[in-house]
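Commentary on secondary and tertiary structure
Below are the chains, spelled out letter by letter.
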Amino acid sequence: MQIEKEIVQDKFENNYQKAIINIVFTQSWLMSNMRQVLEPYDITPQQYNVLRILRGQFPKPATLNLVKDRIIDKMSDVSRIVDRLVKKELIERKTCKSDRRAVDLLITDKGLELLSVVSTEKIQDFIHENLTQDELETLNNLLDKLRG
């Protein structure tokens, strides 16, 4: 649906303003859909992101700083997200063997199992309905170009 209809606005000052509003609106739409997919599993999109980062490191541990560097939502309080995931037994903290002051984070079997159930395909379904593979490639290229 066109952004004009979504936000009930007939005109924009220019295409730059329209693009910015469209990107911000679409990001909100994506996050809302993602929250709906993740809600039955009692995890947030930020927790899902941390789990995916740790799965990517598995079987090697990750530090909190590595997770902070890689997390998509830079405004997230990664320490609190990690605390919640530890409580849910989806990740564990271990003392780093090479530096006893550091803490390593590891995804647990329960965390890996959750990620296999909440497959990327479920998250991608609401995009797959609207865009072809060629359109996705174009979109990815344009978004990369936008960020420079």
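What counts, and where the lines are drawn
- Residues numbered from 1 in each chain as written.
- Predicted model: local features only at pLDDT ≥ 70, side-chain atom pairs only at ≥ 80, totals over all residues.
- Heavy atoms only, no water.
- Helix = DSSP H or I, 4+ residues; strand = E, 2+ residues; numbered from the N terminus.
- Buried < 20%, exposed > 50% of the residue type's maximum accessible area, 1.4 Å probe, protein only.
- 1 Å grid on protein atoms, 1.4 Å probe; cavity = no way out; pocket = protein on both sides within 12 Å on 5 of 7 lines; lining within 4 Å.
- Points joined across faces, edges and corners; volume = space filled by probe spheres on them.
- Nonpolar A, V, L, I, M, F, W, Y, C, P; charged D, E, K, R; others polar.
- Pairing = 2+ DSSP bridges.
- Contact = heavy atoms within 4.5 Å.
- Axes fitted to C-alpha atoms, helices over the stretch in contact; angles between N-to-C directions.
- Expected span 1.5 Å × (residues − 1).

Considering unusual backbone geometry
Of note, the amide linkage connecting Phe58 to Pro59 takes the cis form, showing an omega dihedral of 10 degrees. Look at Asp42: it is not a glycine, yet its phi comes out positive at around 60 degrees. Tracing the sequence through the fold places Asp42 in the loop between helix H2 (15–38) and helix H3 (45–57). By relative accessible area, which is 55% here, Asp42 ends up exposed.

Quick notes on the layout of surface pockets
Here the largest pocket is characterised by a volume of approximately 1,900 Å³. In this structure, the largest pocket is lined by 41 residues; those nearest its centre are Thr26, Leu30, Ile127, Leu139 and Leu143. For the lining of the largest pocket, the elements supplying multiple residues, two or more each, are helix H1 (3–7), H2, H3, helix H7 (120–128) and helix H8 (133–147). Take the lining of the largest pocket: its biggest share by element is 11 residues, from H2. Here the residues of the lining of the largest pocket are counted per class, giving 21 nonpolar, 12 polar and eight charged.

Topic: the sheet that holds strand S1 (residues 62–63)
With respect to topology, three strands assemble into an open sheet ordered S1-S3-S2, the strand pairing being antiparallel. Every interior strand has two partners, whereas the edge strands, S1 and strand S2 (91–95), have only one. Bridging between S2 and strand S3 (residues 103–107) involves five bridges; their strand directions are antiparallel. Its bridge partner being in S3, Ile91 is matched across the sheet by Ile107. Contacts from H3 reach S1, S2 and S3 within the one sheet, and its direction differs from that of S3 by about 95 degrees.

Let's talk about H3
Taking 1.5 Å of rise per residue, 13 residues should cover 18 Å, and H3 covers 19 Å from first to last C-alpha, within 8% of that figure. Listed as buried for H3 are Pro45, Gln47, Tyr48, Asn49, Val50, Leu51, Ile53, Leu54 and Gln57.

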